[in-house]
Amino acid sequence: MSDRIGVYVCECGPNIADKVDIKKILTEISAFNEPPEKIIIAKKHKLLCSKEGQDFLADEIIKNELTHLVIAACSPRDHDITFMNVCKRTDLNPYLYKLVNIREHCAWIIPDKDEATEKAIQYIRAGISRVTYQDPLIEKELDSIPDVLVIGAGIAGIEASLSLAGENRKVYLVERTSSIGGKVTKFEKILPHQGTNLDIIQEKIKAVQENENIEIFTESEVEKAIGFFGNFEITLKNIHNDEQNNEFKVGAIVAATGFNLFNPEKIPRYGYGKIEDVYTSLEIEESNSKTGKILLKSGKPPKSVALIHCVGREERGYCSRVCCNYMFKIAQYLKEKMPDIKITEFYKDLCLPNKADQEFFVDTKNKGVNFIRFKDIAVKQKDKEKFIEYTKMDGKKEKISAEMIILAPAIEPAEGSKEIAELLNISLDETGFFQEAHQKLNPVATSIDGVFIVGTAQNPKNIPDSMMDAQAVGGKILTQLIPGEKLIPEVIVSEISEAFCTGCQTCLSVCSYGAIYFDEDRNISIVNEAICRGCGNCVASCPSGAAHAKHFTSTQIYQEVLEAIR
Amino acid sequence: MNNSDILVIGAGVAGIEASLLLASTGKKVYLVEKASLTGGNVIKYEDVFSNMECSTCMIAPKQQEVLQSENIELLTLSTVEKVQGEIGDFTVTIKKKARYVSLIDCIGCGMCYEPCPVSLKNEFEQNLSEKKAIYVPCPGSLPNVPAIDPEYCLQLNGKKTCNACVEACAFGAINLSDKDEKIEIKVGAIIVASGFDIVEPAGFPQFGYGKYPNVYTAIEAERLYASNGPTEGEITLRKGNTPPQAIAIIQCVGREQQGYCSSVCCMYSLKLAHYLKHKLPDAKIYNFHSDWCMPGKYNQKFHQDVKEEGVDFIYSPVDKIKVEGNDKSLLIEYYNGKDEKEKLSADMVILSLAMMQGKDTASLSKLLGIEQDKRGFFMNQGIQLGSVDTSKPGIFLAGCAEGPKDIQGSITQAEAAVGKVMSYLS
């Protein structure tokens, strides 16, 4: 059957009708000879987006047996979806329709009616020219697996597993160390305004262990993760036993790989590793949690303690958010155990972003903790005595002695983050944490569909925020990966022509979604349509013109532009 | 019987995110918004920190998606009046004020504004400009359909017979006999995303807001910079109508009184400084701050960048800062880092005011039967359940209704609330 194109101009009330000469448009378009005799009908309507207008269009498509539809109306932002849905109602493939914007582009911006009319005609001709080169595109449906792989069994990974596991959804929880719970289990207490006590963490660990829909793999690492949203093939390896591998399929992956502490030895002026009784905050937490005591190496309780915040902040280039609060917590531990102890906290800025943080600070201060804002600081030792030498904000240099020094090192990405990122094909940002899909609007997703990031693997954060991330991934996966429902991948994707591909692999390096793989045998790049989002990076970078984007082919664009500038 | 429909209160960024995710599963969502438009506070910003992405470009596609979703019933100019029942079976009464313009028939051409004979202050623009009695709050409002203010419309307030807008509308979209409605809906769960307010500057007379015309709130400054704002982005002083030459941004106003740090002011103050340097490169810009609160991996770098742009940072306790002067020139009295008294003159002062709970929090808390914390925000349930649970099963929190936070935090919390709803209702 030869092409039968219908062109419909919307009056948009007076918005288009008063500003362009629709009668003239219809006459000229009907006589438009390129492509010849394909324009079956050209008509106007007072408001095509109205229910009545949509019914009219549907009737017209059927009655005139249209193969292509061109609508001259408003911005695609307003009504592209409306008219695509009309096409779907009538079995006309929605990719064989084109919306030409003669309202925002002509009627509303050109005061001279003749000029506006001329431009509208040119645009409509461009639309007609393009539409005949458009191809019908078919939405595909893919089966999906609802199960999820969670990497890392710290508090974020545990909460994510609990949020996701259910009757129809299995969770595979993989942990590198021999036990689950992560760093939180090393703490003596959590902040008073974050809950009552650590028993809750133990309860969550127990809940994970007892949940029959969660399978735990300790001392294991992910070796391979291949596939796409809904269908990933996973291979796990046991760290101690090369032969003990596990293979299974999941629909989504959650990276909850946690954090490391900045090594204070990198900054010699803090004396860590050289001067006795200089500790990191985590070392104090661990000893307090294990023994219930905070003692000097000599076994005696300290009479004076200096707490130094912001260790490594400048070097890392960001504020780790949680250190101020946990340093207050450590000061309170010490005060509880030894009410007469002298405590000084040295800080650069007090970062108290949670609504309850300031109150905790005031409470700590009222317990007799001294706070000093410093510009520069160093830990020194002379004979057996230790000093903190510091410069205050006003430039004055002072020093105090302290028997014990506790450092708050910056939070940095966990060891192995880079390898995990490579394995999952996700990016790291300039600070080395996993990069989110969008800094503001999509913080727990990544550029790879179906791969999510939670907790301190994404950004330094506290326990409640790590849990919130985990619950947010619950929100994402439970709404997107529904057991028994099919996934519909993007339709407008790119294609690489086997005949033209020279195997240079430029496209692989520019694809942000990991959608292209290289077939070594045939020496060509191949697009996985289930992953491709149609961004066009490969098309623009392909030196041999082998890659093209569906619905935005060079021919379509060329034919459209040709008419537009004629 | 378990009802799987959901009520979302508030169509700001958190409410929109929650609604879209839930609607994508085929669930019916009632999205109730008290204003005539969606987008909450985010649409008032020109750019967002720290990546300086255009705010409306970022959020408009999501607003549009809400309007096009078949599963979301958006109720604007609407408030919740009564809530009964429990998780799985809530009955909610909603009061929907008359808009007088049909969301279906209006195409947003704007032909009705000009003939309207009434002008009034535009609150959305912080009263920096005027609007007609039939209006959209700012260009780009979504839904792009005006509303009529019945207090000011001459026909509706009975002062005069006027039919100007009705005559100007080519689509018959205006109906002056539209009436307020009460709607009863049944839902299984409720997400409260009712947002925040800003503390009133009148509570801090030492900074001269209201007394000196060229003292601004941060949100006023934001609208002055905005390309869709009252001056189309031209920064001119309220008094004098010229661009400012020396601008002082004062942070932490209201922090002590509220008893918490609002966590976003350092960053938005830096953003304002960056805006001003960009448009007024020769102006002097001073930033009076106390401790910097810029948690997270991206923020400190932005601070460094703004510093390098030539903004003067002055560490000074906010409780000792005073602003004096007259209509045109302002004098800032402060104590420097050495605790010495100093003075600095400026012709524009911007106050970074603390965030506080939304003004309707207390009434919502009562009718929903959920608790507020001692600061006034809705109370979460701590580490046991998480930051999205309230004291009542089936009612969840998202965004700044729970406490001050940035856009990323609001989005995460909205997704977390959806996670909870999905596990309870599936």
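Calculation notes
- Residues numbered from 1 in each chain as written.
- Chains lettered and ligands numbered in written order.
- Predicted model: local features only at pLDDT ≥ 70, side-chain atom pairs only at ≥ 80, totals over all residues.
- Heavy atoms only, no water.
- Axes fitted to C-alpha atoms, helices over the stretch in contact; angles between N-to-C directions.
- Helix = DSSP H or I, 4+ residues; strand = E, 2+ residues; numbered from the N terminus.
- Parallel < 35°, antiparallel > 145°, perpendicular 65-115°, else oblique.
- Left-handed = near helix turned anticlockwise from the far one by under 90°.
- Contact = heavy atoms within 4.5 Å.
- Buried area = accessible area lost by both parts, 1.4 Å probe.
- Salt bridge = Lys/Arg side-chain N within 4 Å of Asp/Glu carboxyl O.
- Polar contact = N/O pair within 3.5 Å; in protein donor to acceptor, adjacent residues only side chain to side chain.
- Patch = residues over 30% accessible without salt bridge, like charges linked within 9 Å, V, L, I, M, F, W, Y side chains within 5 Å.
- Areas by Shrake-Rupley, 256 points an atom, 1.4 Å probe, with all protein chains shown as cover.
- Buried < 20%, exposed > 50% of the residue type's maximum accessible area, 1.4 Å probe, protein only.
- Pairing = 2+ DSSP bridges.
- Core = buried A, V, L, I, M, F, W, Y, C linked by side-chain atoms within 4.5 Å.
- Disulfide = S-S within 2.5 Å.
- Domains from an automatic or database assignment.
- Nonpolar A, V, L, I, M, F, W, Y, C, P; charged D, E, K, R; others polar.
- Arc of directions from axis to C-beta.

(A) Highlighting the packing of helix α1 (residues 13-23) of chain B against helix α2 (residues 55-68) of chain B. Residue and element names in this part refer to chain B. Put simply, α1 and α2 touch, their axes get as near as 10 Å, and they point 50° apart. In terms of axis orientation, α1 runs oblique to α2. Two packed elements cross with a definite hand, and for α1 against α2 that hand is left-handed. Along the contact surface, α1 presents V13, I16, E17 and L20, while α2 presents I59, K62, Q63, E65 and V66.

(B) Expanded view of the interface of chain B and chain A. Listed by partner, the interface residues are 72 residues for chain B and 69 residues for chain A. Together chain B and chain A conceal approximately 5,600 Å² of surface at their shared face, both sides included; 55% is due to carbon and sulfur atoms. The largest contributions to the chain B side of the interface with chain A come from K297, Y298 and I383 of chain B, which together make up 16% of the buried area. On the surface where chain B and chain A come into contact, there are 8 salt bridges. Taking the shortest distance from any N to any O, the salt bridge between K374 of chain B and E359 of chain A comes out at 2.6 Å. The interface formed by chain B and chain A contains 24 residue pairs in polar contact (both at pLDDT 80 or more).

(C) Focus on a nonpolar patch on the surface. Taken together, the side chains of F552, I557, V561 and I565 of chain A make up a nonpolar region of the molecular surface, amounting to roughly 380 Å² of accessible area. Of the residues examined, I565 of chain A reaches a relative accessible area of 66% and is grouped as exposed.

(D) Molecular detail of the pattern of salt bridges. By the definition in use, this model includes 59 salt bridges over all chains. Between K392 of chain A and E398 of chain A there is a salt bridge, and its shortest N-O distance comes to 3.5 Å. Ionic contacts of the salt-bridge type, sharing partners, join the residues K355 and E359 of chain A together with D373, K374, R375, E402 and K405 of chain B into one network.

(E) Highlighting the pairing of strand β11 (residues 252-255) of chain A. Residues and elements named next belong to chain A. By the alternation rule, side chains of β11 split into A252 and V254 and I253 and A255, which are all buried. Both β11 and strand β21 (residues 451-453) contribute to a ladder of 3 bridges, which runs parallel. Counterpart to V254 in the pairing with β21 is F452.

(F) Up close: unusual backbone geometry. Of note, the bond from F49 of chain B into S50 of chain B is cis; its omega dihedral lies within 30 degrees of zero at -10°. In this fold, S50 of chain B is placed in the loop between β3 (47-48) and β4 (53-54). The step from L142 of chain B to P143 of chain B runs through a cis peptide bond, and the omega angle for that step is 0°. Among the secondary structure elements, P143 of chain B is positioned in the loop between β10 (134-135) and β11 (147-148). Its identity is not glycine, yet E65 of chain A carries a phi of approximately 50°, on the positive side. Assignment of secondary structure puts E65 of chain A in the loop between α3 (51-63) and β3 (68-73).

(G) Region of interest: the nonpolar core. L69 and I124 of chain A are the most contacted members of the largest nonpolar core, which totals 76 residues. Residue contributions to this core peak at 6 residues, all from helix α6 (residues 113-131) of chain A. Beyond its immediate sequence surroundings of up to four residues, I124 of chain A is in contact with V7, V9, I25, I29, V70, A72, V100 and I102 of chain A. In this structure, I406 and F433 of chain A together with F49 and W292 of chain B belong to the second largest nonpolar core, which totals 75 residues.

(H) Just the state of the cysteines, in detail. Going through the model one piece at a time under the given rule, you end up with 1 disulfide over all chains. Paired by a disulfide, C54 of chain B and C57 of chain B hold their sulfur atoms 2.3 Å apart. Judged by the sign of its S-S torsion, about 75°, the cystine formed by C54 of chain B and C57 of chain B is right-handed. The exposed category is assigned to C57 of chain B, whose relative accessible area is 52%. The structure places no disulfide on C501 of chain A, whose sulfur is separated from the nearest cysteine sulfur, that of C507 of chain A, by 6.2 Å.

(I) Looking closely at the domain arrangement of chain B. All names here are of chain B. One can read the domain layout of chain B as domain 1 (6-97 + 180-195 + 358-425) and domain 2 (199-354). In this assembly, 16 residues from domain 1 lie in contact with 21 residues from domain 2. A buried area of about 1,400 Å², summed over both sides, lies between domain 1 and domain 2, and 63% of it is on carbon and sulfur atoms. Linking domain 1 with domain 2 are 1 salt bridge, by the criterion used here. As a salt-bridge pair, E200 and K359 come within 3.7 Å of each other at their nearest N and O atoms. There are 5 residue pairs in polar contact (both at pLDDT 80 or more) connecting domain 1 and domain 2. Taken together, the residues of the side of domain 1 that touches domain 2 sort by class into 7 nonpolar, 2 polar and 7 charged.

(J) Structural context of helix α7 (residues 299-308) of chain B. Within α7 of chain B, burial applies to N299, Q300, F302, H303 and V306 of chain B. Projected down its long axis, α7 of chain B shows its buried positions confined to an angular sector of 155°, all on one face. Along its buried surface, α7 of chain B packs onto α10 (313-316) of chain A together with α6 (265-279) and β18 (312-315) of chain B. At the exit of α7 of chain B stands G310 of chain B, carrying a positive phi of roughly 100°.

(K) Layout of the sheet that holds strand β9 (residues 231-238) of chain A. Residue and element names in this part refer to chain A. The 3 strands lie next to each other as β8-β9-β10, forming an open sheet whose pairing is antiparallel. On the outer flanks of this sheet lie β8 (220-228) and β10 (245-250), each paired with one strand and no other. Averaged over all pairs of adjacent strands, the angle between their axes in this sheet comes to 20°, without regard to strand direction. Direction of pairing for β8 relative to β9: antiparallel, over a ladder of 8 bridges. Residue pairing in the sheet places K224 in a bridge with T235 of β9.

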